[in-house]
Amino acid sequence: EKDYDDDAEVKIVRSKRFGIKPMNPEEACVQMELLQHNFYVFLNSETDEVNVVYKRKNNTYGLIEPEFD
């Protein structure tokens, strides 16, 4: 049994482009806090990969690192 609607339309209402500069995850968390966002996309200076840091419910941070198969 499906728990989603096949006919639901996904509509992107805004697109944004921004430059990303290399930084470590801790710096990215500081930038995220300064911008008062819940997540922040950045180029990880330690791995040269695009990563995402995000704010967790218990006021800690998470890091998403892509893994390509």
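Before reading further, recall that the structure is shown in the block above.
Residues numbered from 1 in each chain as written. Predicted model: local features only at pLDDT ≥ 70, side-chain atom pairs only at ≥ 80, totals over all residues. Heavy atoms only, no water.

Student: Lay out the overall build of the chain in plain terms, naming residues and giving numbers.
Tutor: Secondary structure summary: the chain contains one helix and four strands in total. When its helices and strands are written in sequence order, the chain yields β-α-β-β-β. When the 69 residues of the chain are sorted by exposure, 16% land in the buried category. Residue pairs at least 24 apart in sequence account for 11% of intrachain contacts in the chain once pairs closer than 6 positions are excluded. (Helix = DSSP H or I, 4+ residues; strand = E, 2+ residues; numbered from the N terminus. Buried < 20%, exposed > 50% of the residue type's maximum accessible area, 1.4 Å probe, protein only. Contact = heavy atoms within 4.5 Å.)

Student: Residue-level account of the pairing of strand S4 (residues 61-64), with values.
Tutor: For strand S3 (residues 49-55) and S4, the ladder comprises four bridges, and the chain directions are antiparallel. Across the sheet, residue Val53 finds its bridge partner in S4, namely Leu63. The antiparallel hairpin formed by S3 and S4 contains five residues in its connecting segment, where Asn59 sits at a positive phi of about 60 degrees. (Pairing = 2+ DSSP bridges.)

Student: How would you sum up the layout of surface pockets? Please name residues and give values.
Tutor: Approximately 320 Å³ is the volume found for the largest pocket. Around the largest pocket sit Lys16, Phe18, Gly19, Leu35, His37, Asn38, Phe39, Tyr40 and Val41, which together line it. Broken down by element, the residue count for the lining of the largest pocket peaks at three residues, all from strand S2 (residues 39-44). Among the residues forming the lining of the largest pocket, the class breakdown is five nonpolar, three polar and one charged. (1 Å grid on protein atoms, 1.4 Å probe; cavity = no way out; pocket = protein on both sides within 12 Å on 5 of 7 lines; lining within 4 Å. Points joined across faces, edges and corners; volume = space filled by probe spheres on them. Nonpolar A, V, L, I, M, F, W, Y, C, P; charged D, E, K, R; others polar.)

Student: Run through the pattern of salt bridges, naming residues and quoting values.
Tutor: In this structure the tally under the stated criterion is one salt bridge. Between Lys55 and Glu33 there is a salt bridge, with the nearest N and O atoms lying 2.7 Å from each other. Within this pair, whereas Lys55 is found in strand S3, its partner Glu33 is found in helix H1 (residues 25-35), the two being separated by 22 residues in sequence. On the accessibility criterion, Lys55 (29% relative accessible area) is partly exposed. For Glu33, a relative accessible area of 32% translates into the label partly exposed. (Salt bridge = Lys/Arg side-chain N within 4 Å of Asp/Glu carboxyl O.)

Student: Residue-level account of the pairing of S3, with values.
Tutor: As defined by bridge partners, S2 adjoins S3 across six bridges and the pair is classed as antiparallel. Looking at S3, one finds that Val41 is bridged to Val52. As consecutive antiparallel partners, S2 and S3 are separated by four residues, and within that stretch Asp48 has a phi angle of approximately 60 degrees, a positive value.

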